[in-house]
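Analysis of the macromolecular model
Here's the letter readout for the chains.
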Amino acid sequence: MIHHELVIVGGGPAGLAAALGAYEEGLRDILILEREDQLGGILNQCIHNGFGLHTFKEELTGPEYASRFIREVLERKIPYKLGATVIDVSKDKVVTAVSQEDGLLLIQADAIVLACGCRERPRGAINIAGSRCAGIYSAGTAQKLVNIDGLKVGNEVVILGSGDIGLIMARRMTFEGAKVKAVLELMPYSSGLNRNIVQCLNDFDIPLYFSHTVVRIHGKDRVEGVTVAKVDDHLSPMMDTAFEIPCDTLLLSVGLLPENELARGCGVELSRVTSGAIVDENMMTSLEGVFECGNVLHVHDLVDFVSEEARNAGRSAARYLHKEISSDAEEIEIKTSGGIRYSVPQKILRNGDFSPIQFKMRVNNVYKNVEIVLLVDGEPVARKIKQIVTPGEMETLLAKEESVRRIKEGKEVEIALRRRG
């Protein structure tokens, strides 16, 4: 058994930023555990640009963005272990990991930051009929095969799901010489950023079919085509609208699942909406001393937002270790209404800390000409006017010091979406 004050599970963008945040607060006994053979996480295979506009005020590729954080970690000599897979976190904060170099590792931590990221929803979770033929990939797997391994995964491609990675892979496959026949989206709106629809589909004349899905995959040894049908208001396929698209490859971009097995195993309370932990304004979970941030907490659309959130989580972990914060105070639940699916944080501690709080949220549909309102006992204390909000883009609302004071002195707190005019 070895001991570290702070153990960070995950060496991707969230884990790196959390380590730097804790270091900025004066903490030095930090250990990052990363299961891959290099730091940087998913960014290493995201060779497209568009990263860093908020954080660095310039456009970077994924590896370039990651390298800046990695360089800061190395300059500060923050310890890390690569190829170390965490298999368990106990309620008393014992971290169990395995690696080829160290074998079985038992680490007693005083605080833990879970920055485990998320994984793609597989084919088995969406129940598409057809054989188990070659040529079916999750979009992220195809991205790794193309960008890291230098392989070509197909020539005629259909993509199911218009999440950001699916949109980006439509462009990437086109660059590789493949013909992208169509991008299909089950919902009547895209779950990706509008800029990716423009840059990855419209600029290459790739058709996007809303309210459509794949109902059958054809082929024995290799995919030969897919049957596509429109769906009704209950998302059930209408078979009288079915048509076939010949293809040899199907990419699935059908959602991301937070890697919360470790949190669930140690008894952390999870949200039914986000599948991530329920946290307070310090990013602390229901288990004192265990913090969560990044895509394991809730799926972000921009890595810049991941870094900002994770840095705050690292700072909070350091402040917890310095006895500056605790979870002993009464909790105020943050309710949502009017089309807002969830808010992070989901609870606020009723204490004397009135530092500004940024709420992050997603809506459940496309709404135009609306305002996001923070209500305390029915009275608005903060608001933001939006011409349009979509499920694919995370919204934020900043509660300044006076608003936070009102929250902590009030009884009921709610974030609501209201139509204007």
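All of the points below concern the structure found in this document. (Residues numbered from 1 in each chain as written. Predicted model: local features only at pLDDT ≥ 70, side-chain atom pairs only at ≥ 80, totals over all residues. Heavy atoms only, no water.)

When its secondary structure is counted, the chain shows eight helices and 26 strands. The C-alpha atoms of the chain give a radius of gyration of 22 Å, which matches the 22 Å a tight globule of 421 residues would have. Along the longest, intermediate and shortest principal axes, the C-alpha atoms of the chain span 60 × 60 × 40 Å. Split into buried and exposed, the 421 residues of the chain put 53% on the buried side. Taking as baseline every contact in the chain between residues at least 6 positions apart, the subset at least 24 positions apart corresponds to 63%. For the chain, the exposed area adds up to about 18,700 Å²; of that, 47% sits on carbon and sulfur atoms. (Helix = DSSP H or I, 4+ residues; strand = E, 2+ residues; numbered from the N terminus. Rg over C-alpha atoms; globule rule 2.2 N^0.38 Å. Buried < 20%, exposed > 50% of the residue type's maximum accessible area, 1.4 Å probe, protein only. Contact = heavy atoms within 4.5 Å. Areas by Shrake-Rupley, 256 points an atom, 1.4 Å probe, with all protein chains shown as cover.)

Let us look at the sheet that holds strand β12 (residues 208-210). Reading across from one edge, β9-β16-β10-β11-β12 is the order of the five strands in this open sheet, with parallel pairing throughout. Of all strands in the sheet, those with a lone pairing partner are β9 (136-138) and β12, marking the two edges. Adjacent strand axes in the sheet meet at a mean angle of 20° when their direction is disregarded. Pairing of strand β10 (residues 156-160) with strand β16 (residues 249-252), which is carried by four bridges, proceeds in the parallel orientation. When the bridges of β16 are listed, Leu160 appears paired with Leu252. (Pairing = 2+ DSSP bridges. Axes fitted to C-alpha atoms, helices over the stretch in contact; angles between N-to-C directions.)

This part covers helix α2 (residues 62-75). Taking 1.5 Å of rise per residue, 14 residues should cover 20 Å, and α2 covers 20 Å from first to last C-alpha, within 8% of that figure. The inward-facing, buried residues of α2 abut α1 (13-24), β2 (30-34) and α7 (303-321). Looking one or two places after α2, you find Lys77, whose phi comes out positive at around 55°. (Expected span 1.5 Å × (residues − 1).)

Moving on, we get to the side chain of Asn196. Following the sequence through the fold, Asn196 ends up in helix α5 (residues 194-201). Discounting residues that sit within four places of it in the chain, Asn196 has contacts with Asp164, Leu167, Ile168 and Leu201.

In this section: α1. Its 12 residues place the ends of α1 17 Å apart at the C-alpha level, agreeing with the 16 Å of an ideal helix rising 1.5 Å per residue. The buried fraction of α1 is high, at 10 of 12 residues. For α1, the complete set of buried residues consists of Pro13, Ala14, Gly15, Leu16, Ala17, Ala18, Ala19, Leu20, Gly21 and Ala22. The secondary structure elements touched by the buried residues of α1 are β1 (2-9), β2, α2, β6 (103-114) and α7. Count one or two residues on from α1 and you reach Gly26, which has phi positive near 95°.

A few words now on the packing of α1 against α2. For the pair α1 and α2, the least separation of the axes is 10 Å and the interaxial angle reads 35°. For α1 against α2, the interelement crossing comes out left-handed. Within the contact between the two elements, α1 uses Leu16, Ala17 and Leu20 and α2 uses Ala66, Phe69, Ile70, Glu72 and Val73. A per-class count over the contact of α1 with α2 returns seven nonpolar, no polar and one charged. (Left-handed = near helix turned anticlockwise from the far one by under 90°. Nonpolar A, V, L, I, M, F, W, Y, C, P; charged D, E, K, R; others polar.)

A few words now on the sheet that holds strand β23 (residues 367-376). Reading across the sheet, the five strands line up as β21-β19-β26-β23-β24 and stay open at both edges, with mixed pairing between neighbours. Strands at the two margins of the open sheet, each flanked by one partner only, are β21 (347-349) and β24 (379-389). On average, adjacent strands in this sheet sit at an angle of 20° to one another, irrespective of strand direction. Of the strand pairs in this sheet, strand β19 (residues 331-337) and strand β26 (residues 413-419) are connected by four bridges, and their pairing is parallel. The partner of Lys335 across the bridge, within β26, is Glu414.

Core analysis: the largest hydrophobic core is formed by 66 residues, its most contacted members being Leu6 and Leu33. With eight residues, the single largest contributor to this core is α7. Apart from residues no more than four positions distant in its own chain, Leu6 is found in contact with Ala22, Leu27, Asp29, Ile30, Leu31, Ala111, Ile112, Val113, Ala317 and Leu321. Counting residues in each nonpolar core, the second largest holds 24 residues, with Leu374, Leu397, Ala399 and Ile407 among its members. (Core = buried A, V, L, I, M, F, W, Y, C linked by side-chain atoms within 4.5 Å.)

What follows is about the packing of helix α4 (residues 164-175) against α5. Contact geometry for α4 and α5: axes closest at 8 Å, N-to-C directions at 15°. One element, α4, and the other, α5, form an angle in the roughly parallel class. At the point where α4 passes α5, the crossing takes the left-handed sense. Residues Asp164, Leu167, Ile168, Ala170 and Arg171 of α4 form the contact with α5, whose own contacting residues are Asn196, Ile197, Gln199, Cys200 and Leu201. When its residues are assigned to classes, the contact of α4 with α5 shows six nonpolar, two polar and two charged. (Parallel < 35°, antiparallel > 145°, perpendicular 65-115°, else oblique.)

Together, Met1, Ile87, Val98, Leu104 and Leu106 line one region of the surface with nonpolar side chains, adding up to about 480 Å² of accessible area. Position of Ile87 among the secondary structure elements: in strand β4 (residues 84-89). (Patch = residues over 30% accessible without salt bridge, like charges linked within 9 Å, V, L, I, M, F, W, Y side chains within 5 Å. Salt bridge = Lys/Arg side-chain N within 4 Å of Asp/Glu carboxyl O.)

In total, this model carries six aromatic pairs according to the counting rule given. Between Phe56 and Tyr65, the ring centres sit 5.5 Å apart and the planes meet at 70°, which makes this aromatic pair edge-to-face. Note that Arg68 overlies the ring of Phe56, its terminal NZ or CZ placed 4.9 Å from the centroid. Positioned over the ring face of Phe354 is Arg405, at 4.1 Å from the centre of the ring. (Phe/Tyr/Trp six-rings, centres within 6.5 Å; stacked < 30°, edge-to-face > 60°. Lys NZ or Arg CZ within 6 Å of the ring centre and 35° of its normal.)

Within a regular strand, the side chains alternate between the two sheet faces. Extensive coverage of strand β14 (residues 225-231) is indicated by the burial of six of its seven residues. Judged from the six bridges that link them, strand β13 (residues 212-218) and β14 form a sheet pairing that is antiparallel. Paired with Ile217 across the bridge in β14 is Val226. Here β13 folds back onto β14, and the loop between the two strands holds six residues, one of which, Gly219, carries a positive phi near 135°. With antiparallel pairing between neighbouring strands as the criterion, β14 and strand β15 (residues 237-246) make up a hairpin whose turn holds five residues, including Leu235 at a positive phi of roughly 65°.

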